[in-house]
Structure formats: structure tokens, C-alpha cells
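Report on the structure
Residue-level listing of the chains:
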Amino acid sequence: MLNIDKDRVTASGVSAGAHMAHQLHIAYSDQFSGVGIVSGGPYNCADNSMNTALGRCMVNTDNPLPVMEIAAGIREAAAAGELADTTNLADDRVWMFHGTNDTTISAQVHDATAALYAEFIPVDQIKQVNDVPATHLFPAKEQGSACDEMLPPFVGNCDYDAAGIRLEYFYPGLTAPTGGVETAFQEVTLPGAGDAEMMDTAYLFVPPACVGGEKSCA
């Protein structure tokens with residue numbers, strides 16, 4: 001059993017993972033205290049349509065997204081018990097990143113996510129970073145390929161420690177690691193993944209401090 005503080009759980013993702021982290025946060029706001037979004041669009045943007053997802057929710061620069069309509073839909077779904085109560089969002093923190101050279105997800109789509117959150121969360125709890133010359137990738141410092149190249153595993157050496165900065169925003173006063181970090185991964189199964197044309201397994205990193213012990217870890 002993992003020794004985790006259940007009141008300080010956040011979700012983060014890049015691109016499709018950013019869309020998913022945002023969906024999780026909205027749907028299960030009673031389980032998460034914040035979210036990190038690196039280039040992602042707003043809740044229910046695709047409206048169950050692949051064509052919409054690949055157009056309106058990605059490269060769209062022409063048609064503003066219906067933020068107010070989406071927000072109303074979220075409130076209606078929450079009132080019907082299909083989503084968690086939106087009042088859970090009020091004290092959450094949102095960290096958002098969009099590179100100036102990112103054209104895979106347009107700035108307009110990404111900014112619509114921030115506008116949607118502003119319907120539920122005070123704007124001073126929504127941190128936007130949009131001045132780093134990065135393409136569509138996860139920005140790092142002294143790691144990855146060139147910041148203007150989209151190459152697997154899509155980590156760019158952008159002289160910007162997105163992971164550290166994001167975690168510090170979620171957990172103020174967080175102590176930075178001073179030595180080597182154990183990076184052993186656990187393989188976990190993903191029930192139903194095959195039906196969604198996803199891999200049946202994933203890899204989970206659990207910091208040693210989160211395994212057992214008397215003190216919980218964030």
C-alpha cells in the first residue's frame with residue numbers, strides 16, 4: 001500500500017495526456033487538488049467525434065471554442081451526479097504550459113482550457129507559462145533533444161525545468177533532490193486498454209519515500 005497524502009494528489013500530462021489530465025481533474029475533482037497541463041484543450045472539446053478532436057481541439061486557430069457552453073455542460077453533469085461537485089475545484093491549483101513554437105495544439109485551444117478553469121477557480125490559482133520557445137514537447141533543463149525538435153520521447157532541452165517548477169507550484173516549499181533518485185518502475189496492467197486500442201500495460205514510478213513508513217509523501 002502506498003503511503004500517499006490523498007488530499008495532495010495532482011494529475012499532469014502532455015498533449016493527449018494533458019487532455020486526459022484535465023478530463024480527470026474535472027470529472028473527479030474530489031480526488032485531485034490540482035493539474036498540470038502541457039499543451040492541452042478543454043473538457044469535452046471533441047464532443048465524442050474524432051474529426052472534431054483532430055480539428056477544433058488541435059490546430060484550430062479560426063473558431064473560438066464555446067467555453068461558456070462547455071462550462072454550463074459541466075455544471076449540468078455535476079448536478080446530475082455524473083461528475084464530481086464543481087465546488088471542489090475552488091481551492092485547486094492549475095499550472096499550464098504552451099510553447100511559443102507549438103503549432104500541434106494551437107494557443108487558442110490551450111487558452112480555452114485556462115478560460116474554462118477561470119469559470120470555477122480564482123484566476124490567481126491558474127498559472128500560465130507561454131513565453132518559452134518550445135515546440136510540442138515536455139520542456140526540460142539539460143535533458144532531451146533540441147527544444148525546437150519533436151523527437152521521441154518528446155522531451156526538449158529548453159533550459160526550463162517544467163517538472164520542478166510545476167511541482168514547486170503544487171507543493172510550495174518542496175525540497176529539491178540533492179542526490180541520485182531511484183528510478184525503478186513497476187509494471188501495472190490497464191484493464192480495458194485493448195478496447196481503446198491502447199497498450200495493456202503501463203509503467204509506474206513510485207518514490208521510495210511513498211512506500212511504507214509512518215509519514216505520507218505528496
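What counts and how
- Residues numbered from 1 in each chain as written.
- Predicted model: local features only at pLDDT ≥ 70, side-chain atom pairs only at ≥ 80, totals over all residues.
- Heavy atoms only, no water.
- Disulfide = S-S within 2.5 Å.
- Helix = DSSP H or I, 4+ residues; strand = E, 2+ residues; numbered from the N terminus.
- Buried < 20%, exposed > 50% of the residue type's maximum accessible area, 1.4 Å probe, protein only.
- Core = buried A, V, L, I, M, F, W, Y, C linked by side-chain atoms within 4.5 Å.

Let's talk about the state of the cysteines
Inspection of every chain in the model, using the stated rule, returns two disulfides. One disulfide bridge connects cysteine 45 with cysteine 57, the sulfur atoms lying 2.1 Å from each other. Taking the torsion about the S-S bond as the criterion, the cysteine 45 to cysteine 57 disulfide, at about -110°, is left-handed. Taken as a pair, cysteine 45 in the loop between strand 2 (34–38) and helix 2 (50–59) and cysteine 57 in helix 2 lie far apart in primary sequence, twelve residues in all. Under the relative-accessibility criterion, cysteine 45 is labelled buried at 2%. On the basis of relative accessibility, which here comes to 3%, the residue cysteine 57 falls in the buried class. There is a disulfide in this structure between cysteine 147 and cysteine 158, and the S-S distance comes to 2.0 Å. Here cysteine 147 and cysteine 158 share a disulfide; its torsion about the S-S bond, 100°, makes the bridge right-handed. Placement of the pair is cysteine 147 in the loop between strand 6 (145–146) and strand 7 (155–157) and cysteine 158 in the loop between strand 7 and helix 5 (162–170), with a sequence separation of eleven residues.

Details of the nonpolar core
Across soluble globular proteins, you tend to see nonpolar side chains buried next to one another. In this structure, Ile74, Leu83, Leu116 and Tyr117 are the most contacted members of the largest nonpolar core, which totals 31 residues. Of all the secondary-structure elements, those providing two or more residues to this core are helix 1 (16–27), strand 2, helix 3 (67–79), strand 3 (93–97) and helix 4 (107–117). The biggest single contributor to this core is helix 3, with six residues. Ranked by size, the runner-up nonpolar core spans 15 residues in total, among them Phe97, Leu137, Cys147 and Ala162.

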